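# Examination of the molecular architecture
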Amino acid sequence: MAPLLGLIKRATRISSRNNSRVRVYPARYFQSRDLSYSNFEDAKLPVLIVGAGPVGLVLSILLTKLGVKCALVDKATCFSKHPQAHFINNRSMEIFRKLDGLAGEIERSQPPVDLWRKFIYCTSLSGSTLGTVDHMQPQDFEKVVSPASVAHFSQYKLTSLMLNRLENLGFNVQSSIESDGLELDSSDVTGKVLMGHECVAIDADKESVTATVSFVKGGKRMERNVQCSLLVGADGAGSAVRRLTKVEMRGERDLQKLISVHFMSRELGEYLINNRPGMLFFIFNTGGIGVLVAHDLLQGEFVLQIPFFPPQQSLSDFSPEMCKMLIFNLVGHELSDLDVADIKPWVMHAEVAEKFMCCENRVILAGDAAHRFPPAGGFGMNTGIQDAHNLAWKIAALVQGSAKSSILNTYETERRPIALFNTSLSIQNFRAAMSVPSALGLDPTIANSVHRFINKTVGSILPTGLQKTILDNVFALGRAQLSESLLNESNPLGHQRLSRLKSIFEGGKSLQLQFPAEDLGFRYQEGAIVRDNESGGGDPEAPSGRRRDYVPCAEPGSRLPHIYVKVLSDSTREVIVSTLDLVSIDKVEFLLIISPLKESYELARATIKVAKEFKANVKVCVVWPSSSSNDVVERESKSALAPCENVVDVMEVKEQSGEEASWWSICKMSERGSILVRPDEHIAWRMKSSVPLDPTLHMRDVFAIILGKQ
């Protein structure tokens, strides 16, 4: 208990000296055993990542850039060509900007935004339009609150670009067939992506983790053990790591079952480009109902989502020929080049793992392994990417000795509440999507209720054929509400339903694409942060399912606000960067932002001194007003912070309107304030309008709390 009491005393000192409130962690927060990570240098592999999807790949890129050795295994023998996730939000694109130009390559490779900015509701792709919703607003293109824009880019294409970056970092992608020398007694898998390797057992103790992976070689199934210091399960919604470690999911299961039909048709792509371009098409007619995702109109790549009701329906009912007929019906005419590439079932859940850490805190869950959302709003992959961003620097700080093992606890403390919030938001958005068929007289709950009745009550004793007939008749009766004779303005009931539908669209109550307030404005309430008494308390505002604009915030736990600044240096070339670019991606480095004031320089010198004590890196950023003279900047800053060389001077950039974008006003702080930013661009600590009376002692307490050192 002595180390714990010492930490609490540090937090109390910060509070009493500066009249600021620090969140003192409950005792249980630090009671987990302080694991010995001295074997990181000796371990054959510091980090093993199970799952080579976007989350696992991003984590491996980030760790490698931060100097942490890792490897990936994935049970699939090759990378999927199914488009899957496709919407990349602002925050993920900000992270991608730093991955060797990944965001820029996505922007260049994606379809033009005018081809995917709308959701279209119609009776068929060539029939009547029931409504259109444009999800892009002028500010989305202005890059005022973020240096990046959202993107529409299929997951398999994103995976390919990520693999290119991993290979440039020295990784090799190998299948079980190619992995000669990686059999039972192999000693080194570092820097490899091993496909066709399934994690089948996990044995963890306080010293290490041993993962047993299974693979086929020469027609025989073989196993080998991989020893690592940490294992990260990023292996998707059906996570083997989660199952093997017996971590339960909590939430709503089986919200909906669907069939996903991946198909190609350039003919359809050209037709939609010329007539009604969009990202999602919600199609309702008497012959069928479906949601068409236009992954790339230029290439003619689509995925059709169809409601699925097993066991009365089976996958065999959705043969390629049957799917073609359904597609022709939903399109409104036949397509000469239709090619069905893949048909697979999937289940929509809204669940979050009961914990993200287990097995002596050596096994960690990330991405869909930790949370499963409805696809509404595109939070699944994006939340996982941000999981990886949060986790990478903490692992690196631990491996490199600047943090203690308790820093890993803050991953769950910070990310699980975000996952719970995004689950609620996704459910809200899913229900908003269901409001459209409900307005048309198609109450989805009726079909689900009938299906449950057949499966769980007396219906289950009926012959299978009769069960299917009952279900088909219920569906046909529901789709009859979509007949042209009923659904038109001349019919009183049809007029009423269409008016209700119009109200939903105009009120922003249908399925939404963008959530800027949640995308950029999510804030960690506790974890590797030091809160003050001017931080907003309590839980974040409950999700509404509607778009809300992001308001910049500099409270601890928030993402660092973005403005463009000019870097002042000896170079004659003018360099304009985002404030987010001032945070390094290549090393675990904190960023201290100050004004050019005497007391702020004193704080900076104290912070540099303390960081060295903690074996941590810190860079000082001095923000100068736009009226400053370059000569004054160079002379004053160098002399004030000598002999420290890790200093960057930046100047606020005036907006095109001529107005000055004041950094401190955007942060709602005084220029006498200061901000300490973590390596993941989230604010760890701030002082709004003053400097601590004893900067060295204060910053020592701050770093002790952030890095979990007692």
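Since we're looking at a predicted model, the values are computed, not measured.

A tally of helices and strands in the chain yields 19 helices and 27 strands. Within the chain, buried positions represent 56% of all 710 residues. Carbon together with sulfur atoms contributes 50% to the accessible area of the chain, which is approximately 28,800 Å² in total.

A few words on the packing of aromatic side chains. Counted by the stated rule, this structure contains 12 aromatic pairs. Arranged with centres 5.3 Å apart and planes meeting at 20°, the rings of Phe263 and Phe302 form a pair that is stacked. In this pair, Phe263 is assigned in strand 13 (residues 249-264) and Phe302 in strand 16 (residues 301-307), connecting sequence segments 39 residues apart. Assigned by exposure class, Phe263 and Phe302 land together as buried. Pairwise contacts between aromatic rings join Phe119, Tyr121, Phe282 and Phe505 into one cluster.

Taken together, Ile461, Leu462, Leu466 and Ile470 make up a surface patch of nonpolar side chains, about 340 Å² in accessible area. With respect to the helices, strands and loops of the structure, Ile470 is situated in helix 13 (residues 464-479). In this structure Ile470 comes out as partly exposed when scored by relative accessible area, which is 31%.

In this model, helix 14 (residues 492-506) (15 residues) spans 21 Å end to end at C-alpha, consistent with the 21 Å of a helix rising 1.5 Å per residue. Among the structural elements, strand 4 (118-122), strand 5 (129-134) and helix 11 (409-439) are those in contact with the buried residues of helix 14. Where helix 14 begins, the capping side chain belongs to Asn491, and its oxygen is found 2.9 Å from the backbone nitrogen of Leu493. Gly508 occupies a position one or two residues after helix 14 and carries a positive phi of about 65°.

Further remarks concern the pairing of strand 10 (residues 209-217). Within strand 10, 7 of the 9 residues are buried, which leaves it mostly tucked inside the rest of the structure. Pairing analysis gives 6 bridges linking strand 9 (residues 198-204) to strand 10, with the strands arranged antiparallel. From the neighbouring strand, Ala204 faces strand 10, where its bridge partner is Val209. For strand 10 and strand 11 (residues 220-228), the ladder comprises 9 bridges, and the chain directions are antiparallel. Bridge pairing in strand 11 links Val216 to Arg221.

One finds Phe96, Ile106, Leu231, Leu676 and Phe703 to be the most contacted residues of the largest nonpolar core, which totals 121 residues. Ranked by residue count, the leading element in this core is helix 10 (residues 379-399), at 11 residues. In this structure, Leu676 is in contact with Phe590, Leu591, Leu592, Val618, Ile683, Ala684, Trp685, Met699, Val702, Phe703 and Ile706, ignoring residues within four places of it in sequence. Counting 34 residues, the second largest nonpolar core, distinct from the first, contains Val293, Val303, Ile427 and Ile504.

Next up on the list: the sheet that holds strand 9. Spatial ordering of the open sheet is given by 9-10-11, a layout of 3 strands whose pairing is antiparallel. Edge strands, defined here as strands with exactly one partner in the open sheet, are strand 9 and strand 11. With direction set aside, neighbouring strand axes in the sheet form an average angle of 25°.

Turning our eyes to something else, we now look at the confidence of the model for the chain. Across the chain, pLDDT averages 88, with 89% of residues at or above 70. Taken as a whole, residues 1-9 scores under 50 in pLDDT and shows 10 contacts with residues more than four places along the chain or in a different chain.

Take Thr123: it is sitting in the loop between strand 4 and strand 5. For Thr123, a relative accessible area of 16% translates into the label buried. Here Thr123 is in contact with Ser128, Leu130, Ile283, Phe284 and Asn285, once residues within four sequence places are set aside.

Turning our eyes to something else, we now look at unusual backbone geometry. Here the residue pair Pro310 and Pro311 is connected by a cis peptide bond, since its omega of 5° sits within 30 degrees of zero. Its place among the elements puts Pro311 in the loop between strand 16 and helix 9 (320-331). Omega for the bond connecting Ala642 with Pro643 falls within 30 degrees of zero, at 5°, which places this linkage in the cis form. Note on placement: Pro643 falls in the loop between helix 17 (630-641) and strand 25 (647-652). For Gln84, which is not glycine, the phi torsion reads 55° and is therefore positive. Examined against the element boundaries, Gln84 turns out to sit in the loop between strand 2 (70-74) and strand 3 (87-88).

The two faces of strand 12 (residues 230-233) match: Leu230 and Val232 on one face and Leu231 and Gly233 on the other face are all buried. As judged from the 4 bridges shared by strand 1 (residues 47-50) and strand 12, these two strands associate in the parallel manner. From the neighbouring strand, Val47 faces strand 12, where its bridge partner is Leu230. In the sheet, strand 12 pairs with strand 19 (residues 363-365) via 3 bridges, with the strands oriented parallel. Following the sheet pairing, Leu231 is matched in strand 19 by Val363.

Time to look at the sheet that holds strand 2. Strand order across the open sheet formed by 7 strands is 7-8-2-1-12-19-18, with mixed pairing between neighbours. The strands lining the two open edges of the sheet, one partner per strand, are strand 7 (172-174) and strand 18 (357-358). Alignment of strand 18 against strand 19, held across 2 bridges, turns out to be antiparallel. Paired with Cys358 across the two strands is Val363, which belongs to strand 19.

The next thing to look at is helix 11. A rise of 1.5 Å per residue sets the reference length of helix 11, with its 31 residues, at 45 Å; its end C-alpha atoms lie 46 Å apart and thus fit the reference within 8%. Burial analysis of helix 11 places 22 of its 31 residues in the buried class, the great majority of the element. Where helix 11 terminates, the next one or two residues include Gly441, which has phi positive at roughly 95°.

Our next topic: the pattern of salt bridges. In total, this model carries 32 salt bridges according to the counting rule given. A salt bridge links Asp100 to Lys65; its shortest N-O distance comes to 3.0 Å. With a gap of 35 residues between them, Asp100 in the loop between helix 4 (90-97) and helix 5 (102-109) and Lys65 in helix 3 (residues 54-65) connect regions that are remote in the sequence. A residue is classified by how much of its surface remains accessible, and Lys65, at 14% relative accessible area, is buried. The salt bridge partner of Glu613 is Arg700, with a shortest N-O separation of 2.9 Å. In this pair, Glu613 sits in helix 16 (residues 598-613) while Arg700 sits in helix 19 (residues 695-706), placing the two residues 87 residues apart along the sequence. Judged by relative accessible area, which is 38%, Glu613 ranks as partly exposed. Looking at Arg700, the relative accessible area reads 27%, which means it is partly exposed.

For the rest of this paragraph, the subject is the packing of helix 5 against helix 6 (residues 155-168). In the contact formed by helix 5 and helix 6, the axes pass within 11 Å of each other and the chain directions differ by 145°. Helix 5 and helix 6 meet at a crossing whose hand is right-handed. Taken together, the residues of helix 6 that come into contact with helix 5 (itself represented by Leu102, Glu105 and Ile106) are Leu158, Leu161, Met162 and Arg165. Class assignment for the residues of the contact of helix 5 with helix 6 results in 5 nonpolar, no polar and 2 charged.

About the thresholds
Residues numbered from 1 in each chain as written. Predicted model: local features only at pLDDT ≥ 70, side-chain atom pairs only at ≥ 80, totals over all residues. Heavy atoms only, no water. Helix = DSSP H or I, 4+ residues; strand = E, 2+ residues; numbered from the N terminus. Buried < 20%, exposed > 50% of the residue type's maximum accessible area, 1.4 Å probe, protein only. Areas by Shrake-Rupley, 256 points an atom, 1.4 Å probe, with all protein chains shown as cover. Phe/Tyr/Trp six-rings, centres within 6.5 Å; stacked < 30°, edge-to-face > 60°. Patch = residues over 30% accessible without salt bridge, like charges linked within 9 Å, V, L, I, M, F, W, Y side chains within 5 Å. Salt bridge = Lys/Arg side-chain N within 4 Å of Asp/Glu carboxyl O. Expected span 1.5 Å × (residues − 1). Contact = heavy atoms within 4.5 Å. Polar contact = N/O pair within 3.5 Å; in protein donor to acceptor, adjacent residues only side chain to side chain. Pairing = 2+ DSSP bridges. Core = buried A, V, L, I, M, F, W, Y, C linked by side-chain atoms within 4.5 Å. Axes fitted to C-alpha atoms, helices over the stretch in contact; angles between N-to-C directions. pLDDT = per-residue confidence, 0-100. Left-handed = near helix turned anticlockwise from the far one by under 90°. Nonpolar A, V, L, I, M, F, W, Y, C, P; charged D, E, K, R; others polar.

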